[in-house]
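Architecture at a glance
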Amino acid sequence: FNDGKVKGKRIINTSVHLQNAREIGGTYSTPPLATIKLEAIKIGWINKREKAKKLFFLGAMGCGVCGAFPFLAGKTTTVANMGIIYTSSPIFIILISSMFFYEKINITKIIGLISCLIGVFAIIIKGNLDLLINLNFTIGDLWMLAAAIGWALYSIYLFYWKTDLPIFQRFNLVAFFGAVSLFPF
């Protein structure tokens, strides 16, 4: 006895329960994956493939790439290199925004870009130009570079891909797809 009416009532009742729990204090015993699925079903959004692909991309970049790649990088590079390379993310945000979304780079962005580059290189070479000439990169540095680019893509597309989803549902779905993208790691 599993007709659509009973199943629909369960979803509605659970959604109402979840909404009331959030209003009361935010804690409830429903498993997070069930919550994500119920929220998506409640608003009739999960079946729209184009939007789901965008959310998967956001989850993969924001949680997957930025979560797994630094762990992979840590096996072969230093924490200092990881931090330095990760700070290059604003550079990629400016460059990717101007290339793909034709965002104009004004003088303020150019000054910020140059300052960021000078700061990253100054820290890398530690005031010794020979270090810049003889700079050796490890595979971990490349993993961190990919993580920095991933964060830039996540930041840009989070801004440009507008959605009709409320913030709570969008966050849950991005986190869900991010967790799914971490399964291979």
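The structure this text deals with has already been given above.
Presented here is a report on the structure given in the accompanying data block.

Rules of the game
- Note on numbering: residues in each chain are counted from 1, in written sequence order.
- Selection of residues for local features in this predicted model requires a pLDDT of at least 70, selection of side-chain atom pairs for listing and counting requires 80 or more, and totals for whole chains, interfaces and linings are taken over all residues.
- The side-chain values count all of the structure's non-hydrogen atoms but skip hydrogen atoms and water molecules.
- Between N-to-C directions, angles cover 0 to 180 degrees, with each direction set by a line fitted to C-alpha atoms, over the stretch in contact for helices.
- In this text, helices come from DSSP runs of H or I with a minimum length of four residues, and strands from runs of E with a minimum of two, each type numbered from the N-terminal end.
- The scheme is simple: roughly parallel for angles under 35 degrees, roughly antiparallel for over 145, roughly perpendicular for 65 to 115, oblique for anything else.
- Two helices crossing with the near one rotated counterclockwise from the far one by less than a right angle form a left-handed crossing, whereas a clockwise rotation gives a right-handed crossing.
- It only takes one pair of heavy atoms within 4.5 Å for two residues to be counted as in contact.
- Polar here means any residue other than Ala, Val, Leu, Ile, Met, Phe, Trp, Tyr, Cys and Pro, which are nonpolar, and Asp, Glu, Lys and Arg, which are charged; Gly is therefore polar.
- Note on terminology: a nonpolar core comprises buried Ala, Val, Leu, Ile, Met, Phe, Trp, Tyr and Cys residues joined through side-chain atoms within 4.5 Å.
- Burial classes: relative accessible area under 20% of the type maximum marks a residue as buried, over 50% as exposed, and values in between as partly exposed (1.4 Å probe, protein chains only).
- Between Lys or Arg on one side and Asp or Glu on the other, a salt bridge is scored when a side-chain nitrogen of the former is within 4 Å of a carboxyl oxygen of the latter.

**A short note on the packing of helix H5 (residues 89-100) against helix H8 (residues 139-160)**
The geometry of H5 relative to H8 is characterised by a closest axis approach of 8 Å and an angle of 50 degrees between their N-to-C directions. By the angle between their axes, H5 is oblique relative to H8. Helix-helix and strand crossings are classified by hand; for H5 and H8 the assignment is right-handed. The segment H5 lies against H8, with Ser89, Phe92, Ile93, Ile96 and Ser97 engaging Leu145, Ala148, Ile149, Trp151, Ala152, Leu153, Ser155 and Ile156. Residue composition of the contact of H5 with H8, grouped by class: 10 nonpolar, 3 polar and no charged.

**A few points about the nonpolar core**
In this structure, Leu55, Leu58 and Ile96 are the most contacted members of the largest nonpolar core, which totals 20 residues. With 7 residues, H8 is the largest single contributor of residues to this core. Those residues in contact with Leu58, other than ones at most four positions away along the chain, are Cys63, Tyr154, Tyr157, Leu158, Trp161, Arg170 and Val174. Membership of the second largest hydrophobic core comes to 6 residues, among which are Ile84, Ile94, Cys116 and Val120.

**With respect to the pattern of salt bridges**
Going through the model one piece at a time under the given rule, you end up with 2 salt bridges. Across the salt bridge formed by Lys51 and Asp164, the nearest N and O atoms sit 3.5 Å from each other. With a gap of 113 residues between them, Lys51 in helix H3 (residues 49-73) and Asp164 in the loop between H8 and helix H9 (167-181) connect regions that are remote in the sequence. The exposed category is assigned to Asp164, whose relative accessible area is 54%.

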